[in-house]
Each structure stands twice: as C-alpha cells, then as structure tokens.
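Descriptive structure summary
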Amino acid sequence: MSSDSRYTPSLIEHKWYSHWQHKDYFSSVPDDREAYAIVIPPPNVTGMLHMGHMLNNTIQDILIRKARMEGKNACWVPGTDHASIATEAKVVRWLREEKGLKKSDLTRPEFLEYAWQWKEKYGGIILEQLKKLGASCDWKRTAFTMDEVRSKAVIKVFVDLYKKDKLYRGLRMVNWDPSAKTVLSNEEVLFSDEQSNLYHVRYRIDGTEDEWITIATTRPETILADTAVAVHPDDERYAHLVGKMAIIPMVNRVVPIIFDTYVEKDFGTGALKVTPAHDVNDYELGLKHGLEVIDIFEEDGTLTPAAQFYVGLDRFEVRKRISKDLDKSGHLLKMEPYQNSVGRSERTNAVVEPRLSLQWYVRMQSLTEPALKAVIEDDIRFFPKQFKNTYRHWMENFRDWCISRQLWWGHQIPAWYLGEEVFVGETVEEALTEAIKSTGNTKLLISDLRQDEDVLDTWFSSWLWPISVFDGFESKEEIDYYYPTAVVVTGWDIIFLWIARMVMAGYEWRGDKPFRDVYFTGMVRDKLRRKMSKQLGNSPDPLKLIEDFGADGVRFGMLASSPAGGDLLFDDKLCEQGRNFCNKMWNALRLLKGLNIVDEEQSPKSALASAWLTQRMDKVLEASIGDFEQYRLSEVLMNFYKFVWDDFCSWYLEMIKPAFGEAIDRKSYEEAVGHFERICSMLHPFMPFITEELWHSMRDRAEGEDCMISIYPKAQSQASELLGPMEQITDIISKIRDARNKNGIGMKLDLELLLEESANTKVLLALDGASEMLVKLANLKQVVVVKEEPAIQYVSFVSGTDKIYLEMPVEIDKDSEEARLSKELEYANGFLKSIQQKLSNEKFVNSAPEAVVDAERRKMADGEARVRLIQESLNKLKA
C-alpha cells in the first residue's frame, strides 16, 4: 500500500480492471447455481457515454456484482443497438465529409459496406467507456442488434407474425422525417412550443364576385393541396353556404364546403382548410366525406408537380414565397405571431411532415393481453409502482405499430413482390416457393422477385433482446437457464418503446415474462432541476468526472443524488464527497497498518468495541436487505457511508487505537482488519476499485483471493444488547467534548464524570471495558456513580434518560449554560409533542402493529423523563 496520504484512483483503476478481466471473473456459463441475468439496455452504436448511461450502468453493476458475491451465476450481457436513423445519418455525413460521396452516388450494397466500416471503427466506443466506470459485463457475450444471431431472430419473428396474420401492409397517415426520408413512430416525434405565424387567408365562394370565407393556418404551403373547406353544422355564420363551393387561391381548384362537428366553432375563424394528404385529422375528414387526396410533397419535403407552383423548392422556402404571393393577390388578410406545438424528429431535429404512406404494421391488440396482465398482477414488478398506471394507459390505448423504415441501414424486410402480390419468407428461396405455389408457375426464378426496399424499425430487433442475446430462437440451453432475467434497469421514457414491447415479445415467443422486475431510473438533472443538455451546457463530461474524482467517487455521486425512481439532481460536489470517502477509508487503513502490534492479552475496551461494531454492522446489513429488494440503492449506500464514516472510522478506530507510543494487541488488530474486510465486501458492489485495493493492502492474499469474489456479508446474529449502551457512551463522550469546547477546557486536563445511579447506568458500567473507554476517549480521571447531585462545580446534561455531571474547574457561565439547557429543553419538548400526536391518532394506534405502537409509547416515556430532567437542571441553575 502506498504511503501517500491521498488515494489516487488513476494509479489503481486500470490495474484492477485488467486483473478482473485476466481472471475471467465477468464470464458466465450455465451451471447448477441460481441464475441472475441482466441484459443491458443496448445503447445506440452511435452513442457516447452520458450521465444517463452512467446512472443506469452503475445501478446494473451494483446488482450484478452483489449477485456474483452471493454465489449466483451472475450474467450481465452487454451490446449495442444499430440505431437505423441515427447511424445512417452519421454514415451519410462521414461519407460526405471524408470520402466526398453522397448516398445517391452509391448502390445499396456499396453503402452498406461503408456503413459496416463506420460501425467497426466507431461503434464500440461507448462499451469501452463503460469499462472505465467499472462495468463488469461479460464482454465475451457482447451482442449487436444486426449481428448474425440477432438478425436471424428478427427475420424469423417477422415471418412468424406474418403467418399468424398479426402483421400486415397498409396505406396510413404517418409521421415523416424529410431529412432522414423515413417514417417515424409517434414516440420518435418530440413536440415543443415554437414561435410561428398564423396566416389568415380568404377563399372566394364559387359563383360570386366578392363573397369570401376566411381560414387561418400556420402552414400556407399546404393550401396548394386543399380539397375542401369545413365548418361546423351549427355555425350560423356559414349556414347560407350549404351546397356551396369555394375556390382555392392560386390553383383555382373548386372544392366543396363541408359541414362537420369536428370543426370547433370558437377556434380561429370557425372555418377549416382540409388537406387530406398532409394532416392526420384532415385525412380522416377526407375519408368520411369522400374528398380527393392531393400529395404535393416529395420525400425530402420539396414540392411535386402536383402543387403546380414552386415545384422543387423546399416547403419552408415555399412558405415564405406563397405568403408574399397571396398578399399580392389580395388573399392574405393578415399575418400574426403565433405560438404552436411543432413536432420534430428525435434523431434529425427536422420538422415532421404528416404523410400518406404504404407501410408494414404489427397488430398490437393480439399481443397486449398477457403483457398487460403480467404487470397489473405484479408477475412483473415495477419500481416505482406508479409507472404501472402509465403502462396500463398505453396498453389500453395502443395503435398498430408501424415497423417499416425507408432506410438502407437495418434489417431489410423479408418480403418479395411479384407484381402486386407479396410473398414472405426467411429467405428468398422460401419466398420463391410460396410464389410458385400461389401462381402455379413453376418457371419462376429468384430474379423475377423484387425484395421490399424498406428496413425494420430498430425497436423490432430490441424488443427481442432478452431472448435473442441468449440465441433463444435457435438454442435451448442458455435461454432455458437464464430466462427470465432478473431485472431490467432503464429510464421511464422508453416504457412504451421498449419495456412494453419486450414483455409482449416474451409472452408471444417464450410464453413467459422476459424479466421479473423493472427498475425505472429518474432523469438526470442539474442541481437547478434542469434537464441536462448540450444546448444548456450543463451536462458534464462523464470521462472528465472519472478523471477528476475516480470511478468510485463518480459512482458514489450518482447514487448519492438518486432516490429510487426519482429524478437525479446531480452536483459534482457529491462526486467530491465520494472521493473524500475513498480518502477516509484509505487513511483508516494507513492508521491501522501504522500501529505497533504486540502479542499480549486483549484490552477490555477493544473487545467491547469489536463486539459493538459487529452488532452495528449486522444491524446495517439487515436493514439493507429490504432496501436492496426495493431497489433503494441510494439509501443502502448512504447508510453504509454513515456506518463506515461515523461508527467505524470516527468511533471504533478511536476506541481501539492505543495511546501515543503504545502498541495494540494482536487480537484487537486482527479483529479490526476483519471488520475492515467485511466493510470492503459490503461496499464492493458500489465502489469496486478502492475496496479491491484496500482488500489487498490489508494482508497478503493467495492467488485469486480477491474482494470481487469474496462472499457478500450477511448479518451474523440478531444480537443488539450493546447498541443502546454504546450509543449512550458515544453520546456522553460527544457531550463532554462539547462542554470542554464551550468552557475552554483543553483535552489534556482530566476531569471527573459522575453518573446518576439508575438501571441504565448500572448496565452501562457493568460492561467490561465501558469505564476504560469513557476515561480514554473523554480524558477523564474516573467515572463515578452518585445517588444525588454532587456538591462540586459541574455542568449537567441528559443522556438518554440519565442525568450526567461533569466536573468544571472553571467558573461556569450561567447565562451560556441556561441558554444551552433551554435549547435542549425546546428540542426535547418538540420530540415529545411529535410522539404524543402520533399516539393520539386513533387510526395509527388501531392499525399499526402492536410492537410499533409499544415502541412509540416507550419513546414517549423516555421523552417525558428527558424533559423532566432537563427542566430540573434548568430550575436549579435559575435558583
């Protein structure tokens, strides 16, 4: 162990991570142990480590390390998602900037060859970054949603759904990304209020010279595709227009004025332009009223010849030009600032365009029933539980899932066309067989078939993740052993995109849940509660945090600010606190290692201190069981932190440390090292690097005797008889030190301590070593039991329900002492009042367990005694 007084993470983290990998501790294969599997939420292959990843993977690593130490077959499967839209955009940019190529310059096979090159060069960065955090994934199992195993699973599932009639191709209105030139799911469209303009445009009534109807729109460029004007049937302003027609400006298209209750009379002018090809609601109106559908947008958002004007120009350029042209022609009455909700692509930030498109869909209704039941009945447990309601709402209000995307990077849809007929198979040979069977034409060739150009939605591969990572569609050995997995740790924002779909897939193809628990982490925010983002500049660089504070410090900081399921209010001061905690433990071991050791009989105070610490640690470990089960990892860590910092470092080590120049007996030293070893094992899942370093610095270890594979400690017994007396001893010592400070009496001057005789003080002083401990740590002459208040000059205080007197060799400042006692009395009265209020609540007394009520009654009795004793001291001082 280095003699350095500060722990330096950079000197040891790479060493121990390499050691763990060399020893193959992260690997997992089925055996006769209990399985405990976690599949990583696969980050996008384009991804770089951010704060959300840090939180999510720290939690997973804690759970997997603890399971490994508990003797379970811990399997943490890593991997990445091919992220069709994001990756294709990255590759297109890379080709343009580094190769001077456009996508349109390449054939599909050529583009995919470049895409795989990009993936191999950049696609594994985030997994390498996770290693710096200490993530103990089984890296040999690293999966990729487009590798051979996962791709075969995706194709097999598509074909299976098609054959079960749970998948179809249909013409529907979709969200279209003109930048990526692909359809998007509803969840991939992000809405926010943006500043725009509202254009009031008048349409002339057909057959009149100067009669008009005025509409208001934020999208004047779509006027060129209007095929009706709609008003409410009860709107008296337009009752005279029944059976009339309106003329669309510029294109002079004569369209019907329709009457429909969909229109809101009190919104805008009460008249609505209807563009069935470019608005979801307008499309429904069009179907209802049999309106013409005119599509004026190309896939990139430029105008088609169907628009008649501005052909080839971008939609936003057209918006500028058409507003000027409408103004010149007298059709634009006014333009006013207007704030409206605008949907943008999550991947490209392009404004999404509603578009009528032929796409592939999964019939969701056929998959939801078992998936909903599993969560509602807690066969799959959600943490926190409130997300069950969110899940239920979505599952009961689902839409069919659009799974096709107009991209090249991804799983190409296994559907082949012969004219208008479609044939689906896992291979083109299977599709050809189906085509021959359907047509009766035995001369058909593979070259006669044309494969669908589209690829599948990225989520169509990741919903199979808990099955496909174990090759569950082709092999039984691993899937039967590791499935269902233990828990999935994820953000609540993908409860629909991923969690619900994995549950559906699990029941559809395994007949069982994919995981037993779902732990939803909160969103990482800054200390001002703002969402972290590059735009705000409030998102720290995770790797810089690790460089500054060490991986253990960062892991501590993430957990310290992360209550179960709540948003994480991150402050790097918490990482600094974690680093300081590492230093505290580092110097605690330096203190132990620096002691002189002698072979002699153990001192009573050391034996008492050791027995007490065992009981305290057992109590902390016992309390952690429920917190672990409920995924309250922040609470576990903070309780461990308090125990190590206060009980072990601040008290226990002080209790056993010999006086300057003296030695510690070997048994006391070995007990202290034993306690420290338990602490390292207890803390290892949370802070793996510092604990491994301390573990090996305590004593010589045999080959493979590492903290990482030590047995996770459990409570050794339920004994707790020392906890009360020792709490009183530390309370008395603290109050003596406080009295010395307030009265300017240094620690070198030994004082006499008098304890008023009571049942408590008899038990206290009957403990072998208790008096010696008080004398040593409070620097006393002696500890004496008295039956009445002493005559010497003293200060009094209450510890528990006992009155304590401390000799004062100086004149006591009565005003200061009165103020102290008054403050103590105020606190004691406040505590007593809170207990009395609880016990006066009939609902609590009648419904709480008897043991809980009895405990509160004991607290009230102790509180009353405490108030009485403080009041007596105060009255005597005033007398």
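We now turn to the structure provided with this report. Starting afresh in each chain, residues are numbered from 1 along the sequence in its written order. The predicted nature of this model means local features are confined to residues of pLDDT at least 70 and side-chain atom pairs, given and counted, to a pLDDT of 80 or more, with totals for whole chains, interfaces and linings taken over all residues. The basis for every side-chain value is the complete set of heavy atoms in the structure, and neither hydrogens nor water enter the calculation.

What to know about the overall build of the protein
- Strands are runs of DSSP state E lasting at least 2 residues, helices are runs of H or I lasting at least 4, and numbering of each runs from the N terminus. The secondary structure content of the protein amounts to 27 helices and 31 strands.
- Two things to know: the radius of gyration comes from C-alpha atoms, and the globule rule equals 2.2 Å times the number of residues to the power 0.38. A compact globule built from 879 residues should have a C-alpha radius of gyration of about 29 Å, whereas the protein, at 37 Å, is more than 25% larger.
- When the backbone C-alpha atoms are referred to their principal axes, the protein occupies close to 115 × 65 × 55 Å.
- Taken over 879 residues, the protein has a buried fraction of 54%.
- Whether two residues are in contact is decided by their heavy atoms: any pair within 4.5 Å suffices. In the protein, 77% of the contacts between residues at least 6 apart in sequence involve partners at least 24 apart.
- Exposure was quantified through the Shrake-Rupley algorithm and a 1.4 Å probe, taking into account, for residues, occlusion by the shown protein chains and nothing else. With the model as given, the accessible surface of the protein reaches about 39,900 Å², and the carbon-plus-sulfur share is 49%. Only protein chains enter the area calculation, which uses a 1.4 Å probe; residues under 20% of their type maximum are buried, those over 50% are exposed, and those in between are partly exposed.

Focus on the sheet that holds strand β5 (residues 167-177)
- DSSP calls a pair of strands paired once it identifies at least 2 bridges connecting them. Strand order in this open sheet of 4 strands is β6-β5-β14-β16, and the pairing throughout is antiparallel. Both edges of this open sheet fall to β6 (182-184) and β16 (401-402), since each of them pairs with a single strand only.
- Looking at chain direction, β5 and β6 are connected through 3 bridges and run antiparallel. Directly across from Trp-176, in β6, lies its bridge partner Val-183.

Quick look at the pattern of salt bridges
- Just to be clear on terms, a salt bridge is a Lys or Arg side-chain nitrogen sitting within 4 Å of an Asp or Glu carboxyl oxygen. All told, the structure shown has 55 salt bridges when counted by the stated rule.
- With a shortest N-O distance of 3.3 Å, Asp-480 and Lys-476 are connected by a salt bridge.
- In this structure, Glu-654 and Lys-657 form a salt bridge, with 3.2 Å as the shortest nitrogen-oxygen distance.
- Residue class for Lys-657 comes out partly exposed when judged on its relative accessible area of 25%.
- Counted as one network, the salt bridges with shared partners bring together Glu-670, Glu-677, Arg-699, Arg-701 and Glu-705.

Considerations on a negative patch on the surface
- The patch calculation keeps residues exceeding 30% relative accessible area without a salt bridge and links them within 9 Å when they carry like charges or within 5 Å when they are nonpolar (Val, Leu, Ile, Met, Phe, Trp, Tyr). Positive charges come from Lys and Arg alone, negative charges from Asp and Glu alone, with His and the N- and C-terminal ends not counted. Every charge is mapped to an atom, namely NZ of Lys, CZ of Arg, CG of Asp or CD of Glu. Where like charges cluster on the molecular surface, the negative patch consists of Glu-298, Glu-299, Asp-300 and Asp-314.
- With respect to the secondary-structure elements, Glu-299 resides in the loop between α7 (280-289) and α8 (315-328).

Structural notes on the packing of aromatic side chains
- Aromatic rings from Phe, Tyr and Trp, taking only the six-membered ring of Trp, are treated as a pair when their centres fall within 6.5 Å; an angle between ring planes under 30 degrees marks them as stacked, one over 60 as edge-to-face, and anything in between as tilted. On inspection of all chains with the given rule, the structure shows 39 aromatic pairs.
- Ring centres 5.8 Å apart and planes at 80° place the aromatic pair Trp-116 and Phe-144 in the edge-to-face group. On the criterion of sequence distance, the pair formed by Trp-116 in helix α4 (residues 108-122) and Phe-144 in strand β4 (residues 143-144) is long-range, its members being 28 residues apart.
- The interplanar angle of 85° and the centroid separation of 5.1 Å between the aromatic rings of Phe-382 and Phe-520 together place this pair among those described as edge-to-face. Taken together, the residues Phe-382 in strand β15 (residues 381-383) and Phe-520 in strand β23 (residues 515-521) connect sequence positions 138 residues apart.
- The class of Phe-382 is buried, set by a relative accessible area of 1%.
- Residue classification places Phe-520 among the buried positions, given a relative accessible area of 0%.
- In textbook terms, an aromatic cluster arises when at least three aromatic residues are bridged by ring pairs, as seen for Phe-158, Tyr-162, Trp-360, Trp-401, Phe-460, Trp-463, Phe-473 and Trp-509.
- Here, over-ring charges are defined by two tests on the NZ atom of lysine or the CZ atom of arginine: distance to the ring centre within 6 Å, and angle to the ring normal within 35 degrees. The ring centre of Trp-139 lies 5.0 Å from the NZ or CZ of Lys-131, which sits over that ring.

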